[in-house]
Amino acid sequence: MPREYESTSLRDLLCGSISEAHVGQRLNVCGWVAKRREHGEHLAFLDIRDRSGVVQAVVEGSVDVKSEYVVRVTGTVTPRPEGTVNVKLSTGAVELSDCEVEVLSLAEVPPFQLDDRVEIDEQVRLRYRYLDIRRDEMQSNLRLRARVNTALRRAMDAQGFCEVETPLLWAPTPEGAREFVVPSRLNPGEFYVLPQSPQIAKQLLMVGGFDRYYQIARCLRDEDLRADRQFEFTQLDIEASFVSQDDVMGFVSEAVLDAAEVATGVRPGEIERMTWAHALDHYGTDKPDLRFAMTLQDLSSAFAATDVKAFSAPTVKALRVEGGASFSRSRLDELTEQAKGLGAKGLAWFRVTADGLDSPLARYLSGEETAAIAGVDGAANGDLILVVADEYELACHVLGAIRVTLGSPPVGEGPYRYVWVTEFPMFEGVDEDGHLQAAHHPFTMPHPEDLGLIETEPLKVRSQAYDLVLNGWELGSGSVRIHRADIQSRIFRALGISDDVAEVRFGFLLGAFRYGAPPHAGFAFGIDRLVAIFAGEDNIREVIAFPKTQSGADLMTGAPKSITERQLRDLRVRIDPKGK
RNA sequence: GGACCUGUGGUGCAGCUCGGAGUGCACGCCGCCCUGUCAAGGCGGAGGUCGCGGGUUCAAAUCCCGUCAGGUCCGCCA
C-alpha cells in the first residue's frame, strides 16, 4: 500500500508500490523511462523507474519517449493478461494500461547503460556519478547507509546520549595524521585545520558536563587513499563520563548490533573478545578475520636447538594450508615474494605427502623437527605447511598476511564475525628521535596493573584501548582517557613531549582538565566500512555518494582545482611554481 | 616515495604472446518492419587520433622508453 509520503502533487504513489491491491484505480506515477519496447505503431511497453522499482506502462499507439526521459504516466492499474505476468518484477502481476504519457524532461543518451548487465569502468561511473547513483545497486547501498545511520542515532538516543556538533574549522595540532589546512582570510598567515576526528572536542564536552555525547561526525585526513580509506569519512563518535571500558564497549555494541539487525535482518549475539596479544599470536594481526580458522601455530620450542640456519630465529611460526600441496611452484614463489616483501627473510614450504614431507628443506630437518611440521594443526596428506622463522612480531605479521591471502573469503560471504580486541600495547616502537610512539593516542590510559612499568619497561605497558573488528576490517577504536594530570605528564615524558611542547599543542585541553575533569572514555567507528561490509562491497566508494579517486580527485567536479588570483590575494597565499 | 594491474567506436570485451589494411563479438544509438513484450524480435546503418608522446621497423593497437588517468597494495593513516 502507498505510504503517506509517496503521494505528491504530481504522483499518487511510487512505481514499486503498485500492486494487485490497486487494480481498477487510475493513478499517476513519475519516473525515468528505463526501457521501451515498441511493437509497431499500435502498442508499446514502457518500464517506468523510480527509486522504489519499476512498473510497466502499456501505451496503445506509438509514444515519443526515449531512455531516461522523465515522465509522468497516468494509467489504470490492471492485472496482466494471463501468461504475461513477469515474476522477475515485483510489480509484475499488474501493469498500467490506457496510459497517457507526459514528458517532464528530455534526456540525452546516457554515457553508459543504467541497467546492471555489465560492470562499468569506475572512471566513467565517477565522472557521471549522478547517473551512476540512479542504478539499483547504488540506490540500495546509499539507502542501506541511511538506515544504518538512523539505527545508530536511535540506539545512541535510547542510551541517553546527546548529539553535539563540533567545529570543522579547528586548531592545528601537529600530531598524527596529516591535516587539511584552511587559510584564514581575516588573519593572514594563519590557518585552521579540518579535524582528523573530534577527539579533543569530545573530551572537552566531558569536562563541560555532557556525560554522554555522540555524533555522526565527518573526519578528514590528508593521507593516501585506499579501498577502505577516503580523505573524508564518517564515524559514529562517542564519549562518556564516569564509565569503564566495559561500559563503552556496551554502548557501542548496542549501536552496532542494532545497525546490524536493521541491515541484515539478524541481530548478532554478544560480541566476543580477544586480547591484542592473542590476536597477534593466533592470527598475526590486530584485526583478525574470524570467518575462517587457519590459525598460526608456534613451533619455536621444536626448533629451539635447530641446525637448520633458515630456522634459527627467536620465533618459528607455521600455517597449515588445507589442500595446499597442489600449489604450483610459481604459486609458492609468489607467496615467498609476498613474505619477503613484508620483511621476512624467506618462506619455507612443506608438502605433506604419504611419503613424508616434500620440500627442498626436508632432508635437513631432524626427526623431531619433521614430526613437528608434519603435525601442524592436524595436518593431513595433501596439505601444505608454510613456515616463517624470525623475530616474534615479524613472523606473526608475515604469516598473518599470508593467512589472509590464502583463506579470506570475499567481503559478502560467510558469517559476520565481530570481535573486540583489547589490551593494546601503550607504545609501539620509537620514532627517529628515539622517543616512544603512542600506539593509540597520548591521552590513552594505561592498564592499571602496568602503571609501574611506564618508566622501566614501557613496551610492556598495556593500555586501556580497544578496537572493534568485523571480518578482518578494523571498524574503529577507542580508549579510556587519562583524566589525571600526574599520569598525563608521565606519558608525555615517555613520549618525549616536554611540558612546554605539551602546553603549545594541547594547552587548551590540559587547561580544561585543571577545572575538574571526570573520568571518561570513548570510541569511534567508521560507518563507511560498516556499511560496505553489510553491502558486500570491498571498497567504501560503493557506499559513498560522491567519493574521490585514489589520487584524491573528484572526477565529476574536477576538484581539486586552482582558484582565482583574487581569491589567493584575499587569503594572502602565494603559489610557489618551483615547488613540487 | 615505491611495486603491480588496466586503458581498443557511447558501454563491456576479444585482438597484443609470435608486428602485416581498424579485424571481430555483445549491448547501446539511428532508420525501417512488427498488437503482449519485459536481456522483446527481424532487417539495415552510423559510429575509432587503439589514453598521450617518443623510439625500433619497410610496416606498431601489438615490441621498447617515457608520460597521463583509473585500480590494488607497500610506505603513510597519533
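Residues numbered from 1 in each chain as written. Chains lettered and ligands numbered in written order. Predicted model: local features only at pLDDT ≥ 70, side-chain atom pairs only at ≥ 80, totals over all residues.

Draft legend 1. Quick look at the overall build of chain A. Helix and strand counts for chain A come out as 13 helices and 22 strands. In terms of overall dimensions, chain A has a C-alpha envelope of 90 × 75 × 55 Å along the principal axes. The buried share of chain A, taken over its 580 residues, is 36%. Sequence-distant contacts in chain A: of pairs separated by 6 or more residues, those separated by 24 or more amount to 65%. (Helix = DSSP H or I, 4+ residues; strand = E, 2+ residues; numbered from the N terminus. Buried ≥ 20, exposed ≤ 12 C-beta atoms within 10 Å, placed from the backbone. Contact = placed C-beta atoms within 7 Å.)

Draft legend 2. Seen up close, the environment of aspartate 64. Within the secondary structure layout, aspartate 64 lies in the loop between β3 (53-60) and β4 (70-79). Measuring from C-alpha to C-alpha, the distance between aspartate 64 and glutamate 95 comes to 20 Å, with 31 residues separating the pair along the chain.

Draft legend 3. Layout of the protein's contact with RNA strand B. Neighbouring RNA strand B are 53 residues; Gly40, Asp121, Gly176, Asp224 and Gln550 lie closest to it. Counting only elements with at least two residues in the surface near RNA strand B, the list comes to β1 (26-39), β2 (43-50), β3, α1 (122-127) and β19 (436-438). Counting residues per element, the surface near RNA strand B draws most heavily on β1, at four residues. Each residue belonging to the surface near RNA strand B can be placed in one class, and the counts come to 16 nonpolar, 20 polar and 17 charged. (Near = placed C-beta within 6 Å. Nonpolar A, V, L, I, M, F, W, Y, C, P; charged D, E, K, R; others polar.)

Draft legend 4. Summary view of the nonpolar core. Counting 101 residues, the largest nonpolar core has Val252, Ile385 and Leu386 as its most contacted members. Per-element accounting of this core gives the leading share, eight residues, to helix α5 (residues 245-264). Residue-level mapping places this core at the junction of two domains, with at least three residues from each of domain 2 (139-274 + 419-543) and domain 3 (293-407). Those residues within four positions of leucine 386 in sequence are excluded, and the remaining contacts are Ala318, Leu319, Val321, Leu335, Leu347, Trp349, Leu399 and Ile402. (Core = buried A, V, L, I, M, F, W, Y, C linked by C-beta atoms within 7 Å. Domains from an automatic or database assignment.)

Draft legend 5. Layout of the sheet that holds strand β11 (residues 272-275). Overall, mixed pairing links the eight strands, which are arranged β6-β9-β10-β22-β21-β20-β17-β11 in an open sheet. Both edges of this open sheet fall to β6 (162-163) and β11, since each of them pairs with a single strand only. With two bridges connecting them, β6 and strand β9 (residues 212-220) associate as parallel partners. Residue glutamate 163 lies in a different strand from β9, and its bridge partner there is tyrosine 214. (Pairing = 2+ DSSP bridges.)

Draft legend 6. Expanded view of the sheet that holds strand β14 (residues 348-353). Pairing is antiparallel in the open sheet, where five strands are placed in the order β12-β13-β16-β14-β15. Both outer strands of the open sheet, β12 (297-298) and β15 (356-358), are each paired with one neighbouring strand and no more. Relative to β15, helix α8 (residues 367-374) is tilted by about 80°, and along the sheet it contacts β13 (315-321), β14, β15 and β16 (384-390). (Axes fitted to C-alpha atoms, helices over the stretch in contact; angles between N-to-C directions.)

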